[in-house]
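Topology and contacts: notes
Now for the letters of each chain:
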Amino acid sequence: MKLTELHIKDYNQFEDFKLDLTYPEGHPKAGQALDKVCFIGQSGTGKTSLIELIGKTLNSIILTSQKEKGVSYSNVGTELQVKLENGIGATVKSDRQLSFISHIDEKTYTIYISMENNSLSNLNDNKSNLSKIYYFPDDIPLQKQVIDEKTSFNKEAYFINFGEVDFKENWSLINDAIIKDRELEIKTSLETSKALQNSELSNDDILKIRQEYINWRKNSPNPIVDLAENFLDKILNRFNLKVKTELDFERKEDIETIKIQTRQGEDIPFEGLSTGTKQVILTALPLYGLKPEKAIILFDEPERSLYPDIQKEIVDFYTSMAKDSQFFFATHSPLIASSFEPWEIVELKFNEKGKVYQEQYYEGEKHVDNYIINPQYLTWTGILQKVFDLEQESNPLRDRQLIELATLESQLKSNALNFSIEKKKEIFEKYQKLATLLNWE
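Below is a summary of the structure that appears in this document. (Residues numbered from 1 in each chain as written. Predicted model: local features only at pLDDT ≥ 70, side-chain atom pairs only at ≥ 80, totals over all residues. Heavy atoms only, no water.)

Topic: the sheet that holds strand E11 (residues 241-243)
We count it as follows: At least two DSSP bridges between two strands are needed for those strands to be called paired. Only DSSP runs of H or I covering at least 4 residues are called helices, and only runs of E covering at least 2 are called strands; the numbering of each starts at the N terminus. Any two residues having at least one pair of non-hydrogen atoms within 4.5 Å are treated as being in contact. Helix axes are fitted to C-alpha atoms over the stretch in contact, other axes to C-alpha atoms as well, and angles between N-to-C directions run from 0 to 180 degrees.
A sheet is described by the order of its strands in space; here three strands give the open sequence E11-E12-E13, paired in antiparallel fashion. Two strands in the sheet have a free side with no partner beyond their single neighbour: E11 and strand E13 (267-268). In terms of strand pairing, strand E12 (residues 260-262) meets E13 through two bridges, oriented antiparallel. Among the inter-strand pairings, glutamine 261 is bridged to a residue of E13, identified as aspartate 267. Sitting on the sheet, helix H4 (residues 223-236) touches E11 and E12, and the angle it makes with E11 is about 160 degrees.

Right, here's the structure in full:
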């Protein structure tokens, strides 16, 4: 289940707001749902609102499809229409709750909520079309203590808000697999050791038993090693860190939390990690542990606390961990935006009435050849100016220093000024230093 179209009739700053979330003509996937979408725009244009509305609406669809009895829903006049890749059409007349939903194609299933009594009256469920929804807000908990003892993390749930999931529950997703692997490793090692104690074994038999153990280990990769080598260490190595893969299972703390080391082998307590490092770990763990497929994954401000070189890689990092899923990102970062093709970016702007519209990046028909802005082709300055609408190329202080540099250059080239050799040397040294500071070639 992927979104192909979004229509908000009237909600806050959105009025008759429509988005086409499909690949344009001329693309190999023309007409199919976009695999990833990036919302950008000035603060207040509704990037986070769109992320939250998508999550709430799809969650309402799923919850309603699972009901077998009439359920009341409030109606406060907001209308959000969503069209999904498999033909589901939905109209939500509430900012949080569902009051009407219908299916276009009766061949799969029909969901209808009566408008007279606001209750579910007909359901022919087909849950195989439903996607799980994972929401990563901009305030995911970065501490190890439990947020709320009443919080119940059900990894089988269709909707999970990771702003309400604590570290312990996050780690349990991978920790259970590590403990199970450790138990199986001990069992297999004992069986191998017992077999090798047979005094009648030939050298070929011994080699065969050892090879069987090697093959088992190869075909049953250690989860913590897989997590480290294939996912987390790709980012952590940039911080001079790595996941500790050799765990001491005699120490309780080694199986209660992820262990991080410097690349030189020095253990770093979780509390000693930077905010950006914690964020990467606590967003990667659930994606690795849950291994989403065909999911809807929502990220609000994935760039927070991350250095620019990591921001350039973080979108590919996340999307590599969820097979055939649809990602939605809301961001203020030009480096995050540079990870997207132009048809994957939704730039939000205010019109004269204070309502939000999408800035189009193409002229004429929606076709790959008609796009006039492509963030992947632009320099960082170009992205800031053409995509993020930064009017000035640099700050006023730099402009004043460029004028000073031009003045010094003019003095050096002028034959009319009878400067002494010492004075020219002084001017040249000042020019050279200022040119270096301004990165002037």
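Observations concerning the side chain of glutamine 311
To be explicit about the condition: Counted as a polar contact is a pair of N or O atoms within 3.5 Å, where, for protein atoms, one must be capable of donating a hydrogen and the other of accepting one, and residues adjacent in sequence contribute only when both atoms are in side chains.
One can find glutamine 311 in helix H6 (residues 308-319). Engagement of the side chain of glutamine 311 in a polar contact is seen with the backbone oxygen of leucine 306, the distance being 2.8 Å. Ignoring any residue separated from it by four or fewer positions in sequence, one finds glutamine 311 in contact with Glu303, Leu306, Ser333, Leu335 and Ile336.

Observations regarding the pattern of salt bridges
Test applied: By convention in these notes, a salt bridge is any Lys or Arg side-chain nitrogen within 4 Å of a carboxyl oxygen on Asp or Glu. In this scheme, a residue with accessible area under 20% of its type's maximum is buried, one over 50% is exposed, and one in between is partly exposed, where area comes from a 1.4 Å probe on protein chains only.
This model, assessed by the stated rule, comprises 13 salt bridges. Across the pair lysine 2 and aspartate 35 runs a salt bridge whose closest N-O atoms are separated by 3.1 Å. You can see lysine 2 sitting in the segment before strand E1 (3-11) and its partner aspartate 35 sitting in the loop between strand E2 (14-20) and strand E3 (36-41), a full 33 residues away along the chain. Judged by its relative accessible area of 8%, lysine 2 falls in the buried class. Note that aspartate 20 is salt-bridged to lysine 366, the shortest N-O span being 3.4 Å. Residue aspartate 20 is located in strand E2, and its partner lysine 366 is located in the loop between strand E17 (356-359) and helix H8 (380-386); the two are separated by 346 residues in the primary sequence. What makes aspartate 20 partly exposed here is its relative accessible area of 42%. Salt bridges here are not isolated pairs; linked through shared partners, they connect Lys2, Lys29, Asp35 and Asp324.

As for the packing of helix H9 (residues 396-413) against helix H10 (residues 421-437)
Cut-off, in case you're wondering: Left-handed describes a crossing whose near helix is turned anticlockwise from the far helix by less than a right angle; the clockwise case is right-handed. When residues are grouped by polarity, Ala, Val, Leu, Ile, Met, Phe, Trp, Tyr, Cys and Pro land in nonpolar, Asp, Glu, Lys and Arg in charged, and all others, Gly among them, in polar.
For the pair H9 and H10, the least separation of the axes is 10 Å and the interaxial angle reads 145 degrees. Pair H9 / H10 crosses with left-handed handedness. Residues Gln401, Glu404, Leu405, Leu408, Glu409, Gln411 and Leu412 of H9 lie in contact with H10, whose contacting residues are Lys424, Ile427, Phe428, Lys430, Tyr431, Leu434 and Ala435. Counted by class, the contact of H9 with H10 contains eight nonpolar, two polar and four charged residues.

Things to note about the pairing of E1
Sheet analysis places E1 next to E2, joined by six bridges and oriented antiparallel. By the bridge assignment for E2, tyrosine 11 is matched with phenylalanine 14. Hairpin remark: E1 followed by E2, antiparallel, with two residues in the connecting loop; positive phi at asparagine 12, about 50 degrees.

Some thoughts on the nonpolar core
A general feature of soluble globular proteins is that nonpolar side chains tend to end up buried together. Rule in force here: In these notes, a set of buried Ala, Val, Leu, Ile, Met, Phe, Trp, Tyr and Cys residues joined through side-chain atoms within 4.5 Å is what counts as a nonpolar core.
Counting residues in each nonpolar core, the largest one holds 84 residues, and the members touching the most others are Phe39, Leu232, Ile258, Ile297, Phe317 and Phe328. For this core, the element with the most residues is helix H5 (residues 275-290), which contributes eight residues. Sequence-distant contacts of leucine 232, that is, excluding residues within four places in its chain, are made with Leu227, Val243, Ile258, Val280, Ile281, Ala284 and Phe317. Leu408, Leu434, Ala435 and Leu438 belong to the second-largest nonpolar core, a separate cluster that totals seven residues.

What to know about the sheet that holds strand E16 (residues 345-350)
The strand order E10-E9-E14-E15-E3-E16-E17 describes an open sheet built from seven strands, whose pairing is mixed. Pairing within the sheet leaves two strands with one partner each, and these edge strands are strand E10 (159-161) and E17. Within this sheet the neighbouring strands show an average axis-to-axis angle of 20 degrees, counted without direction. Here four bridges tie E3 to E16, and the two strands are oriented parallel to one another. Note on E16: the bridge partner recorded for glycine 41 is leucine 348. Seen against the sheet, H5 touches strand E9 (133-136), E10 and strand E14 (296-300) and runs at an angle of roughly 170 degrees to E9. Against the sheet, H6 touches E3, E14 and strand E15 (326-330), its axis set at about 150 degrees to E15.

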